[in-house]
Amino acid sequence: MGVEADAKLSETDLQNKLEALVDAMPAFPQSVHRVLELTSDVNCAPKDVVQAIEHDPVMTAKMLKLVNSAFYSLPRKITSMNHAVVYVGVNTVKNMALSIATVGMLPKTNQAGMDMSAFLLHALATASIARQLAQQLAQEVDRQAFDAVDFFVAGLLHDFGKVVLVRAMPEDFAKAVQLAKTAGRNLVEVEQEI
């Protein structure tokens, strides 16, 4: 009985530690909070979203760079947030803002030795595939049931716990990755053990 109580206490302690680590992560910029708040209302005016983005010059520049990238392959160069919102839509702009903020939280280098460029590439690829699958599914079911663009965010953030561990517990995370590789084991199981 004592061993079970100790294991339960360990799980509770671990849960509390992980919650504290997530709370310690840097917050998204106020402009991103505002964009997310506005776009959560289905009746939001696109001009309000544009104004929220334009209050953050860095986000404006990054959004315009992203919307003009080969990924969107738009027929002409977009030079204003108004045009960006018209071309890609409010939900896509919302997800782009969230993506930019998330990527901004990634450390350039880390003690865990995690390749953040590979992590980002994996996250973006997963996000794109999730969105494409959702778009295909939307054609087969009621389109009003969900917004396929939201699946992009789910794909983007699916491994975000790794970023928390890299920032807060780099040595333990590096040890878990190495053990999972050498033993051919599932990383999640090894993380829980360590």
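Data block above holds the structure.
The following paragraphs examine the structure supplied in this document. Just so it is clear, the model here is predicted, and its values are computed rather than measured. (Residues numbered from 1 in each chain as written. Predicted model: local features only at pLDDT ≥ 70, side-chain atom pairs only at ≥ 80, totals over all residues. Heavy atoms only, no water.)

Another aspect to go through is the overall build of the protein chain. Within the protein chain, the secondary structure is distributed over 11 helices and zero strands. From first element to last, N terminus to C terminus, the protein chain shows the α and β order α-α-α-α-α-α-α-α-α-α-α. Looking at the 194 residues of the protein chain, the share that counts as buried comes to 37%. Taking contacts inside the protein chain between residues at least 6 apart in sequence as the whole, the part at least 24 apart equals 59%. Surface exposure of the protein chain reaches about 12,000 Å², of which carbon and sulfur atoms provide 56%. (Helix = DSSP H or I, 4+ residues; strand = E, 2+ residues; numbered from the N terminus. Buried < 20%, exposed > 50% of the residue type's maximum accessible area, 1.4 Å probe, protein only. Contact = heavy atoms within 4.5 Å. Areas by Shrake-Rupley, 256 points an atom, 1.4 Å probe, with all protein chains shown as cover.)

Moving on, we come to helix α10 (residues 170–183). With 14 residues, α10 extends 20 Å from end C-alpha to end C-alpha; this agrees with the ideal 20 Å at 1.5 Å per step. Along α10, the residues that are buried comprise Pro170, Phe173, Ala176 and Ala180. Looking straight down α10, one finds that the buried residues subtend no more than 125° of arc, so they occupy a single side. Of the exposed residues in α10, those oriented more than 90 degrees away from the buried face are Glu171, Lys175 and Thr182. (Expected span 1.5 Å × (residues − 1). Arc of directions from axis to C-beta.)

Any two side chains of opposite charge can pair, given that their charged atoms come close. Here the structure, examined in full by the defined rule, presents four salt bridges. One salt bridge in this structure joins Lys47 and Asp48, with 3.5 Å as the shortest N-O distance. Using a relative accessible area of 26% as the deciding quantity, one classes Asp48 as partly exposed. Close ionic contact of Lys162 with Asp159 constitutes a salt bridge, the shortest N to O distance being 3.4 Å. Overall, Asp159 belongs to the buried group, its relative accessible area being 18%. (Salt bridge = Lys/Arg side-chain N within 4 Å of Asp/Glu carboxyl O.)

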